[in-house]
Amino acid sequence: TVTLLFICHILCMQQIDLKADVSTALVTELSPKTDYSLTVYAIYPSLIGDSVTITSQTTPLPQVSNFRVIEEGLFSLRLGWTPPLGKLSGFKIFIPRSNRPGFTYEQLLPGTTSSHVIDSLEEDKKYTISIYAVYPQGPSEPVSIVGKTLKLVPVQQFLVQNATTDTVQARWASVKGATGYRLTWASPDGHIENINLGDTFNFYMIQGLHPGSEYTVTINPIFGDIEGPVTSTKVKTLESSAVQTLKVSAVTTSAAVISWNSVPGATGYRLAWGPTPEFVGRDRPRQLALNGSTTQYQLKNVPHDTEYVLTLYVLFGSVVGPGISATFRTSPLGYVSNFKVTSYTSTSIDVEWSPIVGATEYKLSWNSGNVSPQSRYLDRSVLSHRIEDLNPQSTYIIIICAVYGNSEGPEISLSQLTAAVSDSEQIQAVRGLKVVDIGVNSFTLSWRKTPGASGYKISWIPFLGGDEKSHVVSAASTTFTIHNLQESSAYKIQVASMVANREGSPVLVTARTLDLPKVNGFAALNTTDSSTVLNWTRVAGVSGYLLSWRHISETLGPGFTSYKISDLLYGRTYIFTIRPLYGEVEGPISTVYQRICKTSLQCFDYISETSMNPGFTCCNMLTVDI
């Protein structure tokens, strides 16, 4: 047999008898964190063999982990911890009171608890707090932390601003530990009003004030039954109301007319405008002062195809009232449409085109081979021209572009072969060719029948280059629709009469497919202090919508016509955009600006010849956060 003898540090002695074939043994019911001497003897029938001794120490009882201050109060601390594994009798929390020698705070808690509130403390004091895990065998080693109670502090960053004739807006930074706030405002005649607000408030709209009156506004935090220090400021309401309606109309490639309603008592207005963030660099921000009788102003000499945000402020002497904002986009420089050859001879070519809104004149150029091009500027009322003194049987490239003041729009071209002088049997060219219908992805052509023709060959190629495609139709045809074209793209289209396998001189027209439909009726509604609901009109044929704001994008299905966006920052102005999706193709963008506030102070509509949203609203926009 084998005997295991173990001796503890208090000289108690115990032994265990083991069988001869046992080589391991578990010693139980020992004390934690205690030194033990373990001796093994080999026992023979008539004698005891030599012994082997080792010394070992049991581990300490597990401590509490993650001991921390969860919440600091003026007169309390909320503690939290993670209980250790094992059978617990409870927890003991201990606080020595340094300011009261001989006094301590002790609390024994059940083993199922993981948090505790210590109250009746002093304001703005540090406390060293210890916690023990209590086991049947005794307490663990303590875990300690230092916690500090809060200090009674006033409200910081107290601002009273955005005054109107009867309202002001109070804003402040939250005070840690405050259970609420008391906001008070007093008029010069001594009338005082106040309101108690919850701890989640950091703004409030004070209403029902008198125009042109100075008010003293104060705020103090509340900590349960204790009121914190008072913070005070003064503000004066406006003498008269702000601009209610701001409209943009008569938008061209380089100008727009801004109009607004007259404000009684206003001494003047300040108009500021500049490109939106997407178009920064196209123009610089500007502003000007206007007298109080002005209700309209024409912006001139602004860049084409540029989006602007403009803000109008009403002035009452040295007091600047709230601003009201609108956006508009100047028109792009357009292509000349329906540019075509109407007839030609061996020495001349007749061309014509459709008028372009905003063009001041047209520039027509032509050349053949390596000869330097010739040009002629034509008045905007001229929509056709005969090019003469040409060479017979020569191919001429003819280019036209609209001129907008000092800027030339994009060019569009066609080619035409002049007739041979002796070609009496020339195949007669197609007459009356025109584009009768333009779609997003298609053109429909029509022409008059050509005597003797056995058919017609229609060819088309993208204006900016690409693969040319063609199709032959019968002699009975006088219309043809070209499908599968790229949206918002210009094409050169030629139609030639055919006799057997011979082609006559082609007649060329140019046309541009329509832009993909954009989202209309895009507006922000039901705006609160942290959310807004975006609404729009359904676009037929879309596969979905791409909605974006700041650095966030959301793809929505085709059935959506509204979407609520939450977790927005109060007082910030957001730019929301939406695009219709057509498979993998994104349609044009629609934009709305919206300031996040509970009550819309200033709202407006605007009318524009561009594709802006007529339902755009804002709330006293001051800053844009993109």
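What counts, and at which threshold
Residues numbered from 1 in each chain as written. Predicted model: local features only at pLDDT ≥ 70, side-chain atom pairs only at ≥ 80, totals over all residues. Heavy atoms only, no water. Helix = DSSP H or I, 4+ residues; strand = E, 2+ residues; numbered from the N terminus. Rg over C-alpha atoms; globule rule 2.2 N^0.38 Å. Buried < 20%, exposed > 50% of the residue type's maximum accessible area, 1.4 Å probe, protein only. Contact = heavy atoms within 4.5 Å. Lys, Arg positive; Asp, Glu negative; His and termini not counted. Charge placed at Lys NZ, Arg CZ, Asp CG, Glu CD. Core = buried A, V, L, I, M, F, W, Y, C linked by side-chain atoms within 4.5 Å. Domains from an automatic or database assignment. Phe/Tyr/Trp six-rings, centres within 6.5 Å; stacked < 30°, edge-to-face > 60°. Lys NZ or Arg CZ within 6 Å of the ring centre and 35° of its normal. pLDDT = per-residue confidence, 0-100. Pairing = 2+ DSSP bridges. Axes fitted to C-alpha atoms, helices over the stretch in contact; angles between N-to-C directions. UniProt positions renumbered as here; feature names shortened; annotations may be inferred.

If you tally the helices and strands in the protein chain, you get zero helices and 51 strands. Its C-alpha atoms give the protein chain a radius of gyration of 43 Å, more than 25% over the compact-globule value 25 Å for 626 residues. With respect to the three principal axes, the spread of C-alpha positions in the protein chain is 145 × 95 × 40 Å. Of all 626 residues assigned to the protein chain, the portion counted as buried reaches 45%. Summarising the internal contacts of the protein chain: among those between residues at least 6 apart in sequence, 59% fall at separations of at least 24. Here the protein chain contributes 46 positive and 49 negative side-chain charges, whose respective centroids are spaced 4 Å apart.

Turning our attention to the nonpolar core. Formed by 48 residues in total, the largest nonpolar core has its most connected members in F339, L364, I398, L445, W447, I458 and I493. When sequence neighbours within four positions are dropped, the list of residues in contact with I458 reads L445, W447, K469, S470, H471, V473, F480, I482, I493, Q494 and V495.

Interface extent is often summarised as the accessible area lost during association of the parts. Domain assignment breaks the protein chain into domain 1 (2–58), domain 2 (65–148), domain 3 (159–236), domain 4 (246–329), domain 5 (427–515) and domain 6 (520–596). On a C-alpha basis, the centroid separation for the pair domain 3 and domain 6 is 35 Å.

Here we come to the packing of aromatic side chains. Think of a pair of aromatic rings as described by two things: how far the centres are apart, and how the planes are tilted against each other in angle. In the structure shown here, the tally under the stated rule is 19 aromatic pairs. In this arrangement the basic side chain of R270 is found over the ring face of Y313, its NZ or CZ atom lying 5.9 Å from the centre.

The next subject is the confidence of the model for the protein chain. Confidence in the prediction of the protein chain, expressed as mean pLDDT, is 84, and 91% of residues score 70 or more. Confidence drops under a pLDDT of 50 for residues 599–626, and excluding neighbours within four residues, the segment shows 99 contacts in the predicted structure.

Time to look at the sheet that holds strand β36 (residues 431–438). Here we have three strands laid out as an open sheet, ordered β36-β37-β40, and antiparallel in their pairing. The sheet is open, and its two borders are formed by β36 and β40 (479–482), each paired with just one other strand. In this sheet, adjacent strand axes meet at a mean angle of 20 degrees when their direction is disregarded. With five bridges joining them, β36 and strand β37 (residues 443–448) adopt antiparallel strand pairing. Along β37, the bridge assignment pairs V435 with L445.

Attention shifts here to the UniProt feature "domain: Fibronectin type-III" (unreviewed entry) in the protein chain. Taking the UniProt record as the reference, the feature "domain: Fibronectin type-III" (unreviewed entry) is found at residues 63–155, 242–334, 335–422 and 429–517. In this annotation, residues 429–517 is assigned 0% helix and 56% strand; the end-to-end C-alpha distance for the span is 37 Å.

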